[in-house]
Every structure is written in C-alpha cells, then in structure tokens.
Amino acid sequence: MHPSDILMYGHLTVQHTIEQFPAAEVGTTGACGYWSVKDLVAHLSSFEGALVDILNQFVNPGDPTPRLDAFIQRGDQFNDEQVNQRQGMTFAEVYAEYQSAHAQVRTLAAQLPAEVWRQSGALPWYGAAYDLEDFIVYTYYGHKREHCGQIATFSDRFKSQ
C-alpha cells in the first residue's frame, strides 16, 4: 500500500467533486441530512486537521494535539461542533482551510518511514489490530469518497435549473 497515493486520490476526489458542484448552491442544505456542501467541506476540513495532529505526533512527539484530542474525546459531537465553528466563514475560507490542512498532511506523511505506517497499534485509541495505513484508508479515503458521493448525488438536484 502507498499512503501518499491514498492521500492524493482522496484529495483529488474532493477537489473534482467541489469543482463540479454549482458554486451558487454550496450553502443549500440537504447534501447530507441538514448539512450543506459548505458544511460537508467544513466537516472534512476538521477531519483533515485531526489528521495533521495524528501525523505530527509521529514526526514531533510531544507536540500538542488539540484537534486530535477533540476528535477522540467529543465523539459524535465533534462533527457538529466543528461544522458550527465554521458557520461564520465563507465557502472559500472553509475550502482554503481544508486545502491548507491537506498540504500539511502531505508534508508530514512524506516524513514517515514505511515501518511507521505499518505498525499495528500505533493509534491505540483506534484499535490494537490496526495500523496507520488502515486508518488512512478507512477513516480518510473512505470518508472522503462517501461524502463526495453524497455531494455528487446532491448536485443532481440542480442540473435541471
């Protein structure tokens, strides 16, 4: 498995999906429950920020991990809290935040040797049987694909307009 490819393809999926979505409708609710596309991108941005903290703990052990801590401790509340924190931001600002966090992810990921990616139990809160590659595939790549599918389906609503 190549973590850099997994990260790249997940990101390209987000970019392509956002580029195809009608810009005038990013604030329309209903893309995923009551969330708009802007909210979904805010949600993905918060996850990307948590991933920055996850990867940074391997590169710079001992650095604070406030986003990861919130991700772990707040559980289901994390999602709505993070989206709500971005309500005052424009879509462009939310998307730029996502892009910036992803750039940090790529920089940090490039610094990790293969054995770190494949070390079972490296994320004890995720499960002893899983490694960082598993986490990237399931929690990031799969997550992005799921929400991008929702955005693409939601965009069908606006095609006849």
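Scope of this entry: the structure provided in the associated data block.

Our next topic: the side chain of His 147. Relative to the helices and strands, His 147 is located in helix H7 (residues 132-155). On the basis of relative accessibility, which here comes to 6%, the residue His 147 falls in the buried class. Residues within four places of His 147 in sequence aside, it is in contact with Cys 32, Leu 40, His 43 and Leu 44.

Our next topic: the state of the cysteines. Enumeration over the complete set of coordinates arrives at zero disulfides. Cysteine Cys 32 is unpaired, with the sulfur of Cys 148 as its nearest cysteine sulfur at 12 Å. For Cys 148, a relative accessible area of 3% corresponds to the buried category.

It is at 10 Å that the axes of helix H1 (residues 3-20) and helix H5 (residues 91-109) come closest, and there the two elements cross at 165 degrees. The pairing of H1 with H5 is recorded here as roughly antiparallel in orientation. Seen from above, H1 lies across H5 with left-handed handedness. When H1 is examined against H5, the residues Ser 4, Leu 7, Met 8, His 11, Val 14, Gln 15 and Ile 18 are found in contact with a partner set consisting of Phe 91, Tyr 95, Tyr 98, Gln 99, His 102, Val 105, Arg 106 and Ala 109.

The rules behind the values
Residues numbered from 1 in each chain as written. Predicted model: local features only at pLDDT ≥ 70, side-chain atom pairs only at ≥ 80, totals over all residues. Heavy atoms only, no water. Helix = DSSP H or I, 4+ residues; strand = E, 2+ residues; numbered from the N terminus. Buried < 20%, exposed > 50% of the residue type's maximum accessible area, 1.4 Å probe, protein only. Contact = heavy atoms within 4.5 Å. Disulfide = S-S within 2.5 Å. Axes fitted to C-alpha atoms, helices over the stretch in contact; angles between N-to-C directions. Parallel < 35°, antiparallel > 145°, perpendicular 65-115°, else oblique. Left-handed = near helix turned anticlockwise from the far one by under 90°.

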